[in-house]
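What the coordinates show
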Amino acid sequence: MDINGVQTLECQIERLRKSSLVEEIIIATTLNNSDDAIEEFSKKIGCKIFRGDEQDVMQRILRASESVDADIQVQLTGDCPLVDPTIVDDLLRYLINNTNFDLVSNAIERSYPIGLDCRIFKVSSLKKADKLCKDPIHRVHGSTFMYDDKNTELFKTKNFLAPKNLHHPEWRWTLDTQEDLNFLKKIFEYFGSNIFFD
């Protein structure tokens, strides 16, 4: 989607490229013909792409990680153009330095604005989840199986709460509704070509 001349997916990718720890970015989209445009767009902005099953996001993101031999994966959703690379780096650094954890996130217990969600996990833990998970709801969400209350014995997870200045779980910085679009248009208009700030 285009907002004030900027594609929201491009905004997300360019903001994520400001991360000092993310080494590869892969857009994991579906095999549907309607997503051919995403593949073309990813080539245009120099981003890798992996295509897989629409409903089995867990397997799709796992195969995307395996395609580049990743050890750790950062899972973001395409409706979050204002991803914060500092938050991504903070969580990623924690997981790198605390290898006894399977997954770290700022969205297990919501405290950040919706749209700054980030889940980071070991690919080996996602492989384990892929073998164990039969629930289609968890499979369509990718990594939620790992922090489901029923799986606390199987996976060690940590949630990060927002600092006071960002502790606004009622704020929507995502793109799911017309109201979200109206809000993001104002943000994109205000920042103009500086929308890729971090």
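What you see is a predicted model, and the numbers here were worked out from it, not measured in a lab.

1. A short note on the sheet that holds strand β5 (residues 72-75)
If you trace the four strands from one edge of the open sheet to the other, you get β5-β7-β6-β8, paired in mixed fashion. One side of each edge strand has no neighbouring strand; the edge strands of this open sheet are β5 and β8 (157-159). Neighbour-to-neighbour, the strand axes of this sheet turn through a mean angle of 15°, independent of strand direction. Of the strands in this sheet, β5 and β7 (119-122) touch helix α5 (residues 123-132), which is tilted by about 85° from β7.

2. Structural notes on the state of the cysteines
Scanning the entire structure with this criterion turns up zero disulfides. Its sulfur unpaired, C47 is 14 Å from the next cysteine sulfur, which belongs to C11. A relative accessible area of 7% places C47 in the buried class.

3. A few points about the layout of surface pockets
Considered as a void within the structure, the largest pocket measures approximately 1,300 Å³ in volume. Along its surface, the largest pocket is lined by 42 residues, and I26, I27, A28, V74 and L76 are the ones closest to its centre. Those elements that provide at least two residues to the lining of the largest pocket are α1 (8-16), β3 (26-30), α2 (36-44), α3 (57-66), β5 and α4 (85-97).

4. Remarks on the pairing of β7
Along a regular strand, successive side chains alternate from one face of the sheet to the other. The alternating pattern of β7 places R119 and F121 on one face and I120 and K122 on the opposite face, and all of these are buried. As paired elements, β5 and β7 share four bridges and run antiparallel to each other. Paired with Q73 across the two strands is F121, which belongs to β7. Sheet analysis places strand β6 (residues 103-105) next to β7, joined by three bridges and oriented antiparallel. Bridged to V104 within β7 is I120.

5. What about the packing of aromatic side chains?
Under the defined criterion, the tally for this structure stands at five aromatic pairs. Seen in terms of ring centroids, F145 and F155 are 6.1 Å apart; in terms of plane orientation they differ by 75°. Their pairing is edge-to-face. Of this pair, F145 sits in the loop between α6 (136-141) and β8 while F155 sits in the loop between α6 and β8, placing them ten residues apart in sequence. F155 carries the same exposure label as F145, and that label is buried. By the ring-pair criterion, three or more aromatic residues cluster together here, those being Y94, F101 and F160. Sitting over the ring of F155, K128 keeps its end group 5.0 Å from the ring centre. The aromatic ring of F160 is capped on one face by K158, whose charged end is 5.3 Å from the ring centroid.

6. Let's talk about the pattern of salt bridges
Taken as a whole and assessed by the stated rule, the structure comprises 14 salt bridges. Across the pair D36 and R51 runs a salt bridge whose closest N-O atoms are separated by 2.9 Å. With a gap of 15 residues between them, D36 in helix α2 and R51 in strand β4 (residues 48-52) connect regions that are remote in the sequence. Owing to a relative accessible area of 35%, D36 belongs among the partly exposed residues under this scheme. The exposure class assigned to R51 is buried, which follows from its relative accessible area of 18%. Each of D36, E39, E40, K43 and R51 takes part in one network of salt bridges that share partners.

What counts and how
- Residues numbered from 1 in each chain as written.
- Predicted model: local features only at pLDDT ≥ 70, side-chain atom pairs only at ≥ 80, totals over all residues.
- Heavy atoms only, no water.
- Pairing = 2+ DSSP bridges.
- Helix = DSSP H or I, 4+ residues; strand = E, 2+ residues; numbered from the N terminus.
- Axes fitted to C-alpha atoms, helices over the stretch in contact; angles between N-to-C directions.
- Contact = heavy atoms within 4.5 Å.
- Disulfide = S-S within 2.5 Å.
- Buried < 20%, exposed > 50% of the residue type's maximum accessible area, 1.4 Å probe, protein only.
- 1 Å grid on protein atoms, 1.4 Å probe; cavity = no way out; pocket = protein on both sides within 12 Å on 5 of 7 lines; lining within 4 Å.
- Points joined across faces, edges and corners; volume = space filled by probe spheres on them.
- Phe/Tyr/Trp six-rings, centres within 6.5 Å; stacked < 30°, edge-to-face > 60°.
- Lys NZ or Arg CZ within 6 Å of the ring centre and 35° of its normal.
- Salt bridge = Lys/Arg side-chain N within 4 Å of Asp/Glu carboxyl O.

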